[in-house]
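Now for the letters of each chain:
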Amino acid sequence: MRPLRYSINVSLDGCCDHRALPASAETHRHATATLQRADALLLGRVTYELMEVAWRPPAWPGAMPDWTAPFAHTIDAAKKYVVSTTLDQVDWNAELLRGDLATEVERLKREPGKGIYVGGVTLPMALAELGLIDEYEFVVHPRLVGHGRTLFAGLSEHVDLKLVNRLELSTGAVAMTYEPRS
């Protein structure tokens, strides 16, 4: 069974707005390695559209620093599943998921492979509510933002996690990986 892993960048005060967080070659290398641990990405409509604009060729060549190229190639090549009730179609190596979220994600998890990564805010909240996330990675950046969207606001029940890995980056960011406690 493929694990469903969640990974997101967040500030010390909980902001997950990607525009408020610093980007670096090291954080992009980490994100690339993270994505390479999976066979597919599971994205909500908003995250899919943001990623497509930023990383689908020819959007990124020349528009981004050279050190973003490995990440761009990795995300461009990845199989993508998009959860949306408003989109009529998707492309960019993507498949639209429209059925019951729990049923569709459980089906994807049963397929053979290395794993599935999910990003964003709204979709992971729904997946956490359903108990479908097998691993949570928070890349915490040493920045106070003071505004913006936060993670898991409104979660109906707490989710107890255990730390399984911790990686300090030279930027001061810390990538912490957790699994749900049984």
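This write-up is about the structure you can find in this document. As the structure is a computational prediction, the values presented were derived from the model and not from experiment.

Overview of the side chain of lysine 80
Okay, so step 1: Tracing the backbone through its elements, the reader meets lysine 80 in strand β3 (residues 79–83).
Okay, so step 2: No salt bridge is formed by the buried lysine 80, whose closest oppositely charged neighbour, aspartate 76, lies at an N-O distance of 5.3 Å.
Okay, so step 3: Here the side chain of lysine 80 touches isoleucine 75 through a polar contact of 2.9 Å, landing on its backbone oxygen.
Okay, so step 4: Separated by 2.7 Å, the side chain of lysine 80 and the backbone oxygen of alanine 78 make a polar contact.
Okay, so step 5: Setting aside its immediate chain neighbours within four residues, lysine 80 contacts Leu41, Leu43, Ile75, Trp92, Asn93, Ala94 and Glu95.

Quick notes on helix α4 (residues 101–110)
Okay, so step 1: By the burial criterion, the buried members of α4 are Leu101, Ala102, Glu104, Val105, Leu108 and Lys109. With its buried residues spanning 165° around the axis, α4 presents them on a single face.
Okay, so step 2: Where α4 is buried, its residues contact β1 (4–11), β2 (40–44), β3, β4 (94–97), β5 (116–118) and α5 (122–129).

Some points on the pattern of salt bridges
Okay, so step 1: Evaluated as defined, the whole model comprises 13 salt bridges.
Okay, so step 2: What emerges from the salt-bridge pattern is a single network uniting Arg2, Asp39, Glu104, Arg107 and Glu111.

Comments concerning the side chain of glutamate 104
Okay, so step 1: Looking at the element boundaries, glutamate 104 is found in helix α4.
Okay, so step 2: Beyond its immediate sequence surroundings of up to four residues, glutamate 104 is in contact with Leu97 and Gly99.

Thoughts on the state of the cysteines
Okay, so step 1: Taken as a whole and assessed by the stated rule, the structure comprises zero disulfides.
Okay, so step 2: Cysteine 15 takes part in no disulfide bond, and the closest cysteine sulfur, belonging to cysteine 16, lies 6.0 Å away.

Considerations on the pairing of strand β8 (residues 174–180)
Okay, so step 1: Of all the seven residues making up β8, five are buried; the element is thus mostly covered by neighbouring parts of the structure.
Okay, so step 2: In terms of strand pairing, strand β6 (residues 135–141) meets β8 through five bridges, oriented antiparallel. Its bridge partner being in β8, glutamate 137 is matched across the sheet by threonine 177.
Okay, so step 3: Relative to β8, strand β7 (residues 161–168) runs antiparallel, the two sharing seven bridges. Each residue of the ladder has a partner; that of leucine 167, found in β8, is alanine 175.
Okay, so step 4: The hairpin formed by β7 and β8 contains five residues between the paired strands, and glycine 172 there has a positive phi angle of roughly 100°.

Examining the environment of histidine 30
Okay, so step 1: Among the secondary structure elements, histidine 30 is positioned in helix α1 (residues 25–35).
Okay, so step 2: In sequence terms histidine 30 and alanine 175 are 145 residues apart; their C-alpha atoms lie 8.9 Å from each other.
Okay, so step 3: In this structure histidine 30 touches Glu137, Val139, Leu167 and Ala175, once residues within four positions along its chain are discounted.
Okay, so step 4: A polar contact is formed between the side chain of histidine 30 and the side chain of glutamate 137, at a distance of 2.8 Å.

Here we look at the layout of surface pockets
Okay, so step 1: Here the largest pocket is characterised by a volume of approximately 1400 Å³.
Okay, so step 2: Taken together, 50 residues make up the lining of the largest pocket; nearest its centre are Ile8, His18, Thr47, Met51 and Gly120.
Okay, so step 3: Of all the secondary-structure elements, those providing two or more residues to the lining of the largest pocket are β1, α1, β2, α2 (45–55), α3 (69–77), β5, α5 and β6.
Okay, so step 4: Take the lining of the largest pocket: its biggest share by element is seven residues, from α2.
Okay, so step 5: Tallied by class, the residues present in the lining of the largest pocket amount to 28 nonpolar, 17 polar and five charged.

What counts, and where the lines are drawn
Residues numbered from 1 in each chain as written. Predicted model: local features only at pLDDT ≥ 70, side-chain atom pairs only at ≥ 80, totals over all residues. Heavy atoms only, no water. Helix = DSSP H or I, 4+ residues; strand = E, 2+ residues; numbered from the N terminus. Buried < 20%, exposed > 50% of the residue type's maximum accessible area, 1.4 Å probe, protein only. Lys, Arg positive; Asp, Glu negative; His and termini not counted. Salt bridge = Lys/Arg side-chain N within 4 Å of Asp/Glu carboxyl O. Polar contact = N/O pair within 3.5 Å; in protein donor to acceptor, adjacent residues only side chain to side chain. Contact = heavy atoms within 4.5 Å. Arc of directions from axis to C-beta. Disulfide = S-S within 2.5 Å. Pairing = 2+ DSSP bridges. 1 Å grid on protein atoms, 1.4 Å probe; cavity = no way out; pocket = protein on both sides within 12 Å on 5 of 7 lines; lining within 4 Å. Points joined across faces, edges and corners; volume = space filled by probe spheres on them. Nonpolar A, V, L, I, M, F, W, Y, C, P; charged D, E, K, R; others polar.

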